[in-house]
Amino acid sequence: MAAALQVLPRLARAPLHPLLWRGSVARLASSMALAEQAWQLFESAVGAVLPGPMLHRALSLDPSGRQLKVRDRSFQLRQNVYLVGFGKAVMGMAAAAEELLGQHLVQGVISIPKGIRAAMERAGKQEMLLKPHSRVQVFEGAEDNLPDRDALRAALAIRQLAEGLTADDLLLVLISGWGTPAAHRDDRYQCHGHPPLVPAASVMA
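An unreviewed UniProt entry lists the protein chain under the name Glycerate kinase, with Macaca nemestrina as the source organism.

Below is the structure:
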């Protein structure tokens, strides 16, 4: 052991063979390039499905700001837009929608899983949070993705808002994701009757 300890410092100070050095540098550079490319791909994939950018791809205002365009359809704006939504990413979608619609958004109600808002705050995701004086009311429920009284209260508030609208009002419905808790996967068709035809992160009006 003592002999080894005497030899190791001399090996550390000894210059590497040029061919070994060049090979090591090349492998390191190649690994770094692959890691950088992988990180860029990851960031691009995440950016493509962020709630705000997704919503802005589906909704826009015309130059006059008097018409809401939802893909290939247009709707007249007269401070007549109401918003409801549910799902894990719907708070970020609602924040983007409120920023886009401004004074035309009258009221909103969204239902999000318990803990999502606190997680966004801890992560510093300000773009995923509603403003302090938002017109959108937030209900948190369905802890562990299971129905509970808080989720029921949210559903009743959404129904109440929707039932109070008139033919002159616009209702923007935001839906984020579809998932079935593991405990209910085997009987999901008994619960719903058929597989729900709800696209992930869809925007409907």
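Structure's up, so let's keep going.
Trainee: Help me understand the pattern of salt bridges in this model?
Mentor: Where charged atoms of side chains with opposite charge meet at close range, the side chains can pair. According to the stated counting rule, one finds four salt bridges in the structure shown. Between glutamate 140 and arginine 117 there is a salt bridge; the shortest N-O distance is 3.2 Å. You can see glutamate 140 sitting in strand β6 (residues 136-141) and its partner arginine 117 sitting in helix α5 (residues 116-122), a full 23 residues away along the chain. Salt-bridge contacts for arginine 153 lead to aspartate 150; the nearest nitrogen and oxygen are separated by 3.6 Å. Separated by three residues within a single helix, arginine 153 and aspartate 150 lie in helix α6 (residues 149-163), roughly one turn from each other.

Trainee: Can you help me understand the confidence of the model for the protein chain in this one?
Mentor: Residues shown with low pLDDT carry predicted positions that ought not to be read at fine detail. A residue-level look at the protein chain finds 65% of positions with pLDDT of 70 or above and a mean pLDDT of 77. Strand β5 (residues 105-113) holds the highest mean pLDDT among the elements of the protein chain, 96, whereas helix α7 (residues 188-192) holds the lowest, 39.

Trainee: It is not clear to me how the environment of proline 147 should be interpreted in this structure. Could you clarify?
Mentor: Tracing the sequence through the fold places proline 147 in the loop between β6 and α6. The exposure class assigned to proline 147 is exposed, which follows from its relative accessible area of 73%. With 34 residues separating them in the primary sequence, proline 147 and proline 113 have C-alpha atoms 10.0 Å apart.

Trainee: Would you mind showing me how to read the packing of helix α3 (residues 51-58) against helix α4 (residues 90-101) here?
Mentor: Two elements in contact, α3 and α4, have axes separated by 8 Å at closest approach and are oriented at 50°. Regarding the angle of α3 to α4, the classification is oblique. Between α3 and α4 lies a crossing whose hand is right-handed. Residues Pro51, Gly52, Leu55 and His56 of α3 form the contact with α4, whose participating residues are Gly92, Met93, Ala96, Ala97 and Leu100. Within the contact of α3 with α4, the residues separate by chemical class into six nonpolar, three polar and no charged.

Trainee: What am I meant to see in the environment of leucine 77 here?
Mentor: Secondary-structure assignment places leucine 77 in the loop between β3 (73-76) and β4 (81-87). A relative accessible area of 4% means that leucine 77 is categorised as buried. Measuring from C-alpha to C-alpha, the distance between leucine 77 and leucine 61 comes to 9.4 Å, with 16 residues separating the pair along the chain. Not counting the four nearest positions on each side in its chain, leucine 77 is found in contact with Leu61, Gly65, Arg66, Gln67, Leu68, His104 and Leu170.

Rules behind the numbers
Residues numbered from 1 in each chain as written. Predicted model: local features only at pLDDT ≥ 70, side-chain atom pairs only at ≥ 80, totals over all residues. Heavy atoms only, no water. Salt bridge = Lys/Arg side-chain N within 4 Å of Asp/Glu carboxyl O. Helix = DSSP H or I, 4+ residues; strand = E, 2+ residues; numbered from the N terminus. pLDDT = per-residue confidence, 0-100. Buried < 20%, exposed > 50% of the residue type's maximum accessible area, 1.4 Å probe, protein only. Axes fitted to C-alpha atoms, helices over the stretch in contact; angles between N-to-C directions. Parallel < 35°, antiparallel > 145°, perpendicular 65-115°, else oblique. Left-handed = near helix turned anticlockwise from the far one by under 90°. Contact = heavy atoms within 4.5 Å. Nonpolar A, V, L, I, M, F, W, Y, C, P; charged D, E, K, R; others polar.

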